[in-house]
Amino acid sequence: MTKNLDLNGLQSIADNYDLFYIDLWGVVHNGINLHEKAIVVLKELLKKNKILVLLTNAPRPNKTVQNFLEKMGMDKILRDHVFTSGEAALNYLKKSYISKKFYHIGPPRDFDLFYLFEKNKCEDISDSEYLLCTGLFDDHDKDLKFYKDLLEKHIAKKMICTNPDLIVDRGEVRELCAGSVAMVFEKMGGEVVYFGKPHPEVYNQSIDNKNKKILAIGDNLNTDIKGANLLNYDSLLISNGIHRNEIRNKGIQDVSKEYEAIVNFIQSDLKW
């Protein structure tokens, strides 16, 4: 049974855990502004000497996201705890794909992910050895049929997806993410290697988590909560996030069953 923390706050269970994986986009900020109550939570956890990882399915290196958070006004002591799906993917690419030609699916703002090997970027998808998906093109940001047509002759190539999210809310606007393109590719028979929640690599690369009692906090059942379930971590779902309308209409028990997710705790917004 999912326990609601709205009355007692995160402080009521914080001492039960050593390590907190906390989703950035949706829990700590909305792509535009920081959530001040969540910032209070991060500072209170550090006061208690808890271990934090601000885990995000951002298809960019850690440093890029840290710079973004600095512009938002986040303190350095908090920014230092960031780990991205892009960083995890980059570590993999540098080991296995650094010299291979790739075709980039995503917007120009994601180019810093592969600046070390940008010379291997192909303008024509037919010339590539693999596909690197960080998001949707700016001019095809809602048209999944475009990607189906683009990819149908290239399903023999492996796709590296650096953001498994299907959708994200930027302020009040809902956007498709790289995971939506990867799903199209998989349904056509293509092979996708994912980096980011819920896949274990991003958790295990971010920090030594052995022998720790862990709570994963997020607003996405498909990524944050499924990741916690796969790794046997306890989970806290923020209900005012991506699933807010579903939870409001059906309740957390029915929604979690629909997604086949185990939710230990729920809270409207992350607050101490």
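Above this note sits the structure.
Residues numbered from 1 in each chain as written. Predicted model: local features only at pLDDT ≥ 70, side-chain atom pairs only at ≥ 80, totals over all residues. Heavy atoms only, no water.

Student: What am I meant to see in the overall build of the protein chain here?
Tutor: Assigned secondary structure in the protein chain consists of ten helices and 13 strands. Taking 2.2 N^0.38 as the reference for a compact globule, 272 residues should give roughly 19 Å; the C-alpha atoms of the protein chain span a radius of gyration of 19 Å, in line with that estimate. For the protein chain, the spread of C-alpha atoms along the principal axes amounts to about 55 × 40 × 35 Å. Considering the protein chain as a whole, with its 272 residues, one finds that 54% of them fall into the buried category. The long-range fraction of contacts in the protein chain, counting pairs at least 24 apart against all pairs at least 6 apart in sequence, stands at 72%. (Helix = DSSP H or I, 4+ residues; strand = E, 2+ residues; numbered from the N terminus. Rg over C-alpha atoms; globule rule 2.2 N^0.38 Å. Buried < 20%, exposed > 50% of the residue type's maximum accessible area, 1.4 Å probe, protein only. Contact = heavy atoms within 4.5 Å.)

Student: Whenever I open this one, the sheet that holds strand 5 (residues 102-105) confuses me. Can you help?
Tutor: Within a sheet, neighbouring strands are paired by backbone hydrogen bonds and run either parallel or antiparallel to one another. On the basis of which strands lie adjacent, the open sheet formed by four strands has the order 5-6-7-10 and parallel pairing. The open sheet is flanked by strand 5 and strand 10 (192-194), the only strands paired with a single partner. Averaged over all neighbouring strand pairs, the angle between strand axes comes to 20°, with direction disregarded. As paired strands, strand 7 (residues 158-161) and strand 10 are joined by three bridges and run parallel to one another. Bridge assignment links Ile160 to a residue of strand 10, and that residue is Val193. (Pairing = 2+ DSSP bridges. Axes fitted to C-alpha atoms, helices over the stretch in contact; angles between N-to-C directions.)

Student: Would you explain a nonpolar patch on the surface in this entry?
Tutor: A grouping of Ile98, Tyr115 and Leu116 is seen on the molecular surface, where their side chains present a nonpolar patch of about 300 Å² in accessible area. Here Ile98 lies in the loop between helix 4 (85-96) and strand 5. (Patch = residues over 30% accessible without salt bridge, like charges linked within 9 Å, V, L, I, M, F, W, Y side chains within 5 Å. Areas by Shrake-Rupley, 256 points an atom, 1.4 Å probe, with all protein chains shown as cover. Salt bridge = Lys/Arg side-chain N within 4 Å of Asp/Glu carboxyl O.)

Student: How should the sheet that holds strand 11 (residues 214-218) be read in this particular structure?
Tutor: The strand order across the open sheet formed by seven strands is 1-13-12-11-2-3-4, and the pairing between neighbours is parallel. The sheet terminates laterally at strand 1 (3-4) and strand 4 (82-84), the two strands that pair on one side only. Where helix 2 (residues 62-72) meets the sheet, it contacts strand 3 (51-56) and strand 4, and its direction lies at approximately 130° from that of strand 4. Most of the contacts of helix 8 (residues 221-230) go to strand 12 (residues 234-238), to which it runs at about 165°, and overall it touches strand 2 (19-23), strand 11 and strand 12.

Student: Which parts of the structure should I look at to understand the packing of aromatic side chains?
Tutor: For any pair of aromatic rings, geometry is given as the distance between the ring centres together with the angle between the planes. Summed over the entire model, instances satisfying the criterion amount to 15 aromatic pairs. Taking the centre distance of 5.6 Å and the plane angle of 40° together, the rings of Tyr92 and Tyr97 count as tilted. Judged by its relative accessible area of 24%, Tyr92 falls in the partly exposed class. On the basis of relative accessibility, which here comes to 8%, the residue Tyr97 falls in the buried class. Between Phe102 and Tyr130 the ring centres are 5.7 Å apart and the planes differ by 35°, which places this aromatic pair in the tilted class. Within this pair, whereas Phe102 is found in strand 5, its partner Tyr130 is found in strand 6 (residues 130-133), the two being separated by 28 residues in sequence. The buried category is assigned to Phe102, whose relative accessible area is 0%. The rings of Tyr92, Tyr97, Phe102, Phe111, Phe114, Phe117, Tyr130 and Phe195 are connected pair by pair, giving a single aromatic cluster. Lys100 extends its terminal NZ or CZ atom over the ring of Tyr97, reaching a point 4.9 Å from the ring centre. (Phe/Tyr/Trp six-rings, centres within 6.5 Å; stacked < 30°, edge-to-face > 60°. Lys NZ or Arg CZ within 6 Å of the ring centre and 35° of its normal.)

That is the geometry; function is a separate question.
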